[in-house]
Every structure is written in C-alpha cells, then in structure tokens.
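Listed below are the residues making up each chain.
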Amino acid sequence: MTTTEVSQEPVLDVPVEAAETVSVVRAPSRPPALSPSRANDFMQCPLLFRFRTVDRLPEPPSAAAARGTLVHSVLERLYDAPLGERTLAAAQDLLPGEWDRLLEADDRYTSLFTDGVGPDGQDREGWLAGAGSLLGTYFTLEDPNRLEPAERELLVESQLDGGPLLRGIVDRLDVAPTGAVRVVDYKTGKSPRPGYESSAVFQMRFYGLVLWRERGVLPKMLQLVYLGDGQVLRGEPTTGQLEQTEQKIRTIWSAIEEAARTGEWKPRRSKLCGWCAHQSLCPEFGGTPPEIPEGAVPLRLGIAV
C-alpha cells in the first residue's frame, strides 16, 4: 500500500478486570478471537498484548480515541437519513446526542472533562466542534448522498483451520450493482508517512481475508479514509496478498501460543512506549508485571496451558 493505494481494531470479549483484583476470570460470552488491533499489539510488543488481551488491564480514556468513537458513531447514524438529507449540517447536529449516548454507555469518558474543561483546555462545545471539523473533512472526500452502504459497523468472523477465530468490525461495506465489494474504514488521525503504512495495510487485508473466506468474494477495493489530513488510501487486493496475510496471521498466532505456554511475554521497547498506559508495570521501565489471573489464558485466548 502506498499513499495512493492500499495493499494492511477489542475482540476476545471478556469484561475488563484489573489483574490485581481478580484470581479467576469468567468465561467469555463469545469464543476467543483475534482482531487486527490485537494482532498489531503483539507485533508491537508481546507484553502489551498480554496486558490488553489476557490481563485486560484498564486504560485511561484517550481524548483522541473518544473523538474517533464519536465521529464513527455519527457517520454510522448519518446513513440512516434518506438520500438528499445527508448533509454536513445534519452530521454536525448529531454530535451532541451521540456524545451523550457514548457517555451513557461508557462513563469513563466523563473523566476527560473536569469542571467543564476538557482536552486541550476546551469546553464541551469546543471539543465537539473539533469532531465537527473532522466531519467537514469527510464531506470533502465523499458525498454520502451518492452512496448506499450494504453494511455499516459489520461484525465479520472467520475460523482459520488449525488457527484462531478471526474477528473484526468493518466500518462500511459497499456493494456495486456488479457485485464488486469495497471495504471502507474511517480513521480520524492523519495518514501514515510513506514507509509506515504496514499496520494499516495489515488491518485492511485482514478484513479482506475474512470477507473472502466467509463470502467467497474477493473484495475489489480496500479503502482507508483519513479525516485527520484528508487522505484516502486505496488498493485492490489480490488472492496472493490475502493468502500472504493469512500466513502472517498464522505466524503471529504461533508466537502467541508459544508465549502463552511458556509464560514469556517479552516487552519490546520502541518509540511507541511513550504512549503506553502500562509503563509502570513494564520491566523495560523498572516495573514488574502482575500475576496472570487464574484461567485467563485458556478463557481469553482459547489456548491450553
């Protein structure tokens, strides 16, 4: 994938529990699965994968993640409106109500605002205006009145033979009259610099692989829409590329199984460590990881240890 063509988000659904306060974990409501976000976590740092997937350590809410969730919610709801009424004004009008709905669903977001002041010193209106700006960028890239998505916020799953269940959420699936399928993902950040597209390429090929395996249709287009800088990355995947992605997933899963059985979740230091919420528990920064809750590995990974 390049800046003009694409060739790369929590699954393992168990309630979040702090490892220090749990000795036995509850069974998941759905079978354990691997998502592109968690696969990328393991490639970035096996210990981070453990903290997020096995221990399920809580992390403070991120202003950027909250804004991204809000914008995704608005774009999903926007397509409920009939053709001709999907305007920027209509999208911006959805912001306050969608934000209130997200606050009700996850009260951790309320901690982003103290005494009415939120991220970057903005009040609620200013912060929502920032999300509105991202929506404005969206309307420069696509005209939603010319689109009728086949699916929005689509849960996709596929069981790899001898491997993990793959699971992810596709923001939008477009199907042309010819049957051609386009997979669309919204990103509220900026597009990656040239040479740093690997995680984005992997994510989109992951979705393409799951849809191909489950529906028997090779997606015609994989498309990433970056609202942070107004870039759209596109690519037409080949069967060979998706087969390579499957092999990469199998390699990642084999490494996860090995770490689970040996208990060696090795930290991997990088520039991304500065963004990690778990530095105090990381040996690279003088910390000590907590004991893994009893039963967490088989229940959250489906791996016998």
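Residues numbered from 1 in each chain as written. Predicted model: local features only at pLDDT ≥ 70, side-chain atom pairs only at ≥ 80, totals over all residues. Heavy atoms only, no water.

- Going by the annotation in an unreviewed UniProt entry, the name recorded for the protein is RecB family exonuclease, with Promicromonospora aerolata given as the source organism.

## What to know about the overall build of the protein
In step 1: Scanning the protein from terminus to terminus reveals eight helices and five strands.
In step 2: Here the C-alpha radius of gyration of the protein, 20 Å, is about what a compact globule of 305 residues would show, namely 19 Å.
In step 3: Taken along its principal axes, the extent of the C-alpha atoms in the protein is 55 × 55 × 35 Å.
In step 4: Counting all 305 residues of the protein, 46% fall into the buried class.
In step 5: Carbon and sulfur atoms make up 50% of the accessible area of the protein, which amounts to about 14900 Å² in all. (Helix = DSSP H or I, 4+ residues; strand = E, 2+ residues; numbered from the N terminus. Rg over C-alpha atoms; globule rule 2.2 N^0.38 Å. Buried < 20%, exposed > 50% of the residue type's maximum accessible area, 1.4 Å probe, protein only. Areas by Shrake-Rupley, 256 points an atom, 1.4 Å probe, with all protein chains shown as cover.)

## Focus on the confidence of the model for the protein
In step 1: Taken as a whole, the protein shows an average pLDDT of 89; of its residues, 90% reach a score of 70 or greater.
In step 2: Low pLDDT, under 50, characterises residues 1-24; the predicted model gives this stretch 86 contacts beyond four residues in sequence or across chains. (pLDDT = per-residue confidence, 0-100. Contact = heavy atoms within 4.5 Å.)

## Description of the side chain of Ser158
In step 1: Looking at the element boundaries, Ser158 is found in strand E1 (residues 151-159).
In step 2: By relative accessible area, which is 4% here, Ser158 ends up buried.
In step 3: Among the polar contacts listed, one links the side chain of Ser158 to the side chain of Glu214, at a separation of 3.0 Å. (Polar contact = N/O pair within 3.5 Å; in protein donor to acceptor, adjacent residues only side chain to side chain.)

## Topic: the nonpolar core
In step 1: Judged by nonpolar contacts, the single largest core of 45 residues is most densely connected at Leu34, Leu166, Val183, Ile249, Ile256, Trp265 and Leu301.
In step 2: Residue contributions to this core peak at nine residues, all from helix H6 (residues 198-215).
In step 3: With sequence-adjacent residues up to four places away left out, Ile256 is seen in contact with Leu34, Phe42, Phe49, Trp265, Leu301 and Ile303.
In step 4: Counting residues in hydrophobic clusters, the runner-up holds 27 residues, among them Val71, Leu75, Leu94 and Val225. (Core = buried A, V, L, I, M, F, W, Y, C linked by side-chain atoms within 4.5 Å.)

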